[in-house]
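Observations on the model geometry
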Amino acid sequence: MDESPDRTRRAAGATNAEQFDALLTAAEDGVDFDGLRVSTDGETYAFATPEVERSGLDERSFRDLAAQYADYVNNWYVWTLADLSADREAFLRWIEGANERPVPERYAALREGGIARSWGQLRITATLADDGERRYDLRHEADAGRDVADLDRHDDPLDARHLATDDERGRYRPLKTAPTLRRGWVYPDLPSADLVRAVDFFYPATVANWHRERAGDLDVSHWRETAERQTGIYGVVEELPPEAVEWVAEACCVDSQCLKRREWDEDEATPLDAPRGDGEFPCREPCSLVIAAARTWTTLEREEPREYTFELTPSEKEQVEAIVEAVADGRTDEIREADVSEGANRYRARYLRAKRFDDEGNLCGVPTDEDGA
Amino acid sequence: MSQALVIVAHGSHLNPDSSAPTFDHADTIRASGAFDEVREAFWKEEPSFREVLRTVEAEEVFVVPLFVSEGYFTEQVIPRELRLEGWDVDEWDSDGTSASHVTLRASDVDKTVHYCGPVGTHDAMSDVIVRRAQSVTGDPDVGPGFGLAVVGHGTERNENSAKAIHYHAERIRAMDRFDEVEALFMDEDPEVDDVTDYLESDDVVVVPLFVADGFHTQEDIPEDMGITDDYREGYDVPAAVDGTRIWYAGAVGTEALTADVIVERARDAGADVRDSAERVRERTGDVAGD
């Protein structure tokens, strides 16, 4: 009844002889996997790879030939007997490029430094243990070049939940796929099932949805149907004006805010203009953060615009724009203390407030409401 | 056939402590080996209710809501978001606190889903409230000379919320362990603000029936009871209010024994947990020692 992170280890940990035995047995049903083809007529065996093709082999010759092409046998053995769900297997094979790279090239790369892939901000490097089992190094992509010894080592996939909770500055990350994953940690040696579990804690459901998309059956739920499904305090979001849906996507769903690739639109026939993003894994419906934000915007969009008259110098107008830009792009921390040439510099903002705000905080003394409130 | 446990909880966009008890209880149950897989899912965090079922491999999934009462979430939101086909609240045949489980299919995955009643209304939750009293006083025999207040949010949109509080207060009263047991509420009478009016004992343990600590349990209730003037400064345990020593326990859902109730919910729905349920109990068994 235990979870089985060791399944693949057991499978791949078999000796060469055990793998050849398994291949002999499998020959009865025929094998055709990643270039390896094996069959039997009941008396003799046929063995083929892109490099060699033999038939009429007795068992001994078959074993000798299999030993020469042991990587093909190991590759078949590892993937056939790993007992992984389809999405996990597809993900692990994608990491090492199993569908594109021939076995000899792939095995050479796995042995020499490994094969690395990015998944959001994660960097996953597959390598080969002596017995052909895959092992994975998992870390922040920005830590790609660092020694394991310089990073905080982890082995338990459950730790990923805690590594993903706060950003570098200790602020809570409610959105797991925000590009704010902190650095400095490493899982240097994960077996395959543990790798997938860790990835699923960093970026929940991304592997499952990526696989569904590749299989052509991603269940996208567009804005309209998602909004109509809401109840309770979120029931109002279906009143959000269509043009505002565009602004929601631009505000929340672009790569700078979320690494999922947006596949939902206003509805199936009405695409949104906001960039979908370049991420590997898809976003199949507006998430709870987007719905919660949209609820606020729905309320705010009920207001009618009003004309206000402010007196600002051209530089002050540009400064207001610079402040909005800096906040929207999360750049306020980058603006140097003494760089008063930056409109969003704190001293500049304080000067503007001192000059243009009245005691109630009204810009240029202009009240927000007509009644002067 | 392999079986998975999915614990569904509210979570928060603002407060990481909201999901912490869910993770803790999931870890306890994982370590017991009771299920092939254990996964957490949240209304406000990820994986979402919408996507959690596709992240588990098992064909048989036990979904246990880590919520305190039957109501909007257990009756509408969770079944809708999990896409439980043919869900009808009447199948629970509940009086407001008696929902056990119903077996359905989810439309986006090829799995059997045993959808369980919430943790908060399970009979075993009464024991967790008592355990919480033991933990906060550090006394396994706490009871004589003590009053116990079980605190709930109140009715708001949902009368079942108060029913769950009354249900456990009644059950604990019947244990004849504490000198007095009262159900109190944040936003309706009898109000927790007046705890010392409703309980006469010199020592009163106050246990909020909440899943996680947050705004209500760490800010509102302590200030309302007067055990602190400013929640940011914390509060003493016990704290003296009008001559009564208030032993404020914080959210009951943070008590380790809650993991037990989650397993019991799944077992009631047919999960084969055998001796691993005992292992959960062993792991959650120490009073004030863990």
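Residues numbered from 1 in each chain as written. Chains lettered and ligands numbered in written order. Predicted model: local features only at pLDDT ≥ 70, side-chain atom pairs only at ≥ 80, totals over all residues. Heavy atoms only, no water.

**Looking at the overall build of chain A**
- Along its length, chain A carries 14 helices and eleven strands.
- Its C-alpha atoms put chain A at 100 × 45 × 40 Å along the principal axes.
- Counting across all 373 residues of chain A, residues that qualify as buried make up 46%.
- Sequence separation of at least 24 residues holds for 58% of the intrachain contacts in chain A that already meet a minimum separation of 6. (Helix = DSSP H or I, 4+ residues; strand = E, 2+ residues; numbered from the N terminus. Buried < 20%, exposed > 50% of the residue type's maximum accessible area, 1.4 Å probe, protein only. Contact = heavy atoms within 4.5 Å.)

**A short note on the overall build of chain B**
- A tally of regular secondary structure across chain B gives nine helices and ten strands.
- Relative to its length of 290 residues, chain B is compact, with a C-alpha radius of gyration of 19 Å against a globular reference of 19 Å.
- The dimensions of chain B, computed from C-alpha atoms along their principal axes, are 60 × 40 × 35 Å.
- Side-chain charges of chain B comprise 24 positive and 64 negative groups, with the mean position of each set lying 8 Å from the other. (Rg over C-alpha atoms; globule rule 2.2 N^0.38 Å. Lys, Arg positive; Asp, Glu negative; His and termini not counted. Charge placed at Lys NZ, Arg CZ, Asp CG, Glu CD.)

**So, the sheet that holds strand E3 (residues 60-65) of chain B**
All names here are of chain B.
- Strands sit in the order E2-E1-E3-E5-E4 across an open sheet of five strands; the sheet is mixed. The open sheet has two edge strands with one neighbour each: strand E2 (37-42) and strand E4 (101-105). In this sheet, neighbouring strand axes are inclined to one another by 25° on average, regardless of whether the strands run parallel or antiparallel.
- Where strand E1 (residues 3-9) and E2 come together, six bridges link them in parallel fashion. If you follow Ala9 over to E2, its bridge partner there is Phe42. (Pairing = 2+ DSSP bridges. Axes fitted to C-alpha atoms, helices over the stretch in contact; angles between N-to-C directions.)

**Observations regarding the pattern of salt bridges**
- This model, assessed by the stated rule, comprises 58 salt bridges over all chains.
- With a shortest N-O distance of 2.7 Å, Asp27 of chain B and Arg161 of chain A are connected by a salt bridge. Of this pair, Asp27 of chain B sits in helix H1 (residues 20-32) while Arg161 of chain A is found in helix H7 (residues 159-163), placing the two residues in two different chains.
- Two residues, Arg306 of chain A and Asp369 of chain A, come together in a salt bridge whose shortest N-O distance is 3.5 Å. (Salt bridge = Lys/Arg side-chain N within 4 Å of Asp/Glu carboxyl O.)

**Details of the packing of helix H13 (residues 314-328) of chain A against helix H14 (residues 346-356) of chain A**
All names here are of chain A.
- Packing of H13 against H14 leaves a shortest axis separation of 11 Å and a crossing angle of 125°. Comparing the axis directions of H13 and H14 gives the class oblique. Every pair of crossing elements has a handedness; the one defined by H13 and H14 is left-handed. The residues of H14 that touch H13, namely those facing Ser315, Glu316, Gln319, Val320 and Ile323, are Arg348, Ala349, Leu352, Lys355 and Arg356.
- Tallied by class, the residues present in the contact of H13 with H14 amount to four nonpolar, two polar and four charged. (Parallel < 35°, antiparallel > 145°, perpendicular 65-115°, else oblique. Left-handed = near helix turned anticlockwise from the far one by under 90°. Nonpolar A, V, L, I, M, F, W, Y, C, P; charged D, E, K, R; others polar.)

**Focus: the sheet that holds strand E7 (residues 180-185) of chain B**
All names here are of chain B.
- The five strands lie next to each other as E7-E6-E8-E10-E9, forming an open sheet whose pairing is mixed. Two strands in the sheet have a free side with no partner beyond their single neighbour: E7 and strand E9 (239-241). On average, each strand axis in the sheet is tilted by 30° relative to the strand beside it, whichever way the strands run.
- Bridge count for strand E8 (residues 203-208) against strand E10 (residues 244-248) is four bridges, and the pairing is parallel.

**Things to note about the interface of chain B and chain A**
- With 38 residues of chain B at the interface, the matching set in chain A holds 36 residues.
- Between chain B and chain A lies a buried interface of about 3,100 Å² when both sides are counted; carbon and sulfur atoms form 41% of it.
- Counting the surface chain B buries against chain A, the share from its top three residues, His13, Glu46 and Arg54 of chain B, is 23%.
- At the junction of chain B and chain A, the tally comes to ten salt bridges.
- Arg54 of chain B serves as the salt-bridge partner of Asp219 of chain A, at 2.6 Å between the closest nitrogen and oxygen.
- Our enumeration of links across chain B and chain A arrives at 23 residue pairs in polar contact (both at pLDDT 80 or more).
- Among the elements of the structure, H1, E2, helix H2 (49-52) and helix H3 (72-82) of chain B are those that each provide at least two residues to the side of chain B that touches chain A.
- For the side of chain B that touches chain A, the residue count by class is eleven nonpolar, seven polar and 20 charged. (Buried area = accessible area lost by both parts, 1.4 Å probe. Polar contact = N/O pair within 3.5 Å; in protein donor to acceptor, adjacent residues only side chain to side chain.)

**Quick notes on the confidence of the model for chain A**
- Mean pLDDT over chain A works out to 94, with 96% of the residues at or above the 70 mark.
- Within the model, the stretch residues 1-12 of chain A combines pLDDT values under 50 with 36 contacts to residues more than four positions away or in other chains. (pLDDT = per-residue confidence, 0-100.)

**Regarding the nonpolar core**
- Counting residues in hydrophobic clusters, the biggest one holds 62 residues, and the most contacted among them are Phe47, Phe91, Trp119, Leu138, Leu195 and Phe202 of chain A.
- Counting residues per element, this core draws most heavily on helix H4 (residues 70-80) of chain A, at seven residues.
- Not counting chain neighbours up to four residues away, the residues in contact with Phe91 of chain A comprise Trp119, Ile124, Leu195, Val196, Val199, Val207 and Trp210 of chain A.
- Counting residues in hydrophobic clusters, the runner-up holds 54 residues, among them Ile29, Ala169, Val211 and Ala269 of chain B. (Core = buried A, V, L, I, M, F, W, Y, C linked by side-chain atoms within 4.5 Å.)

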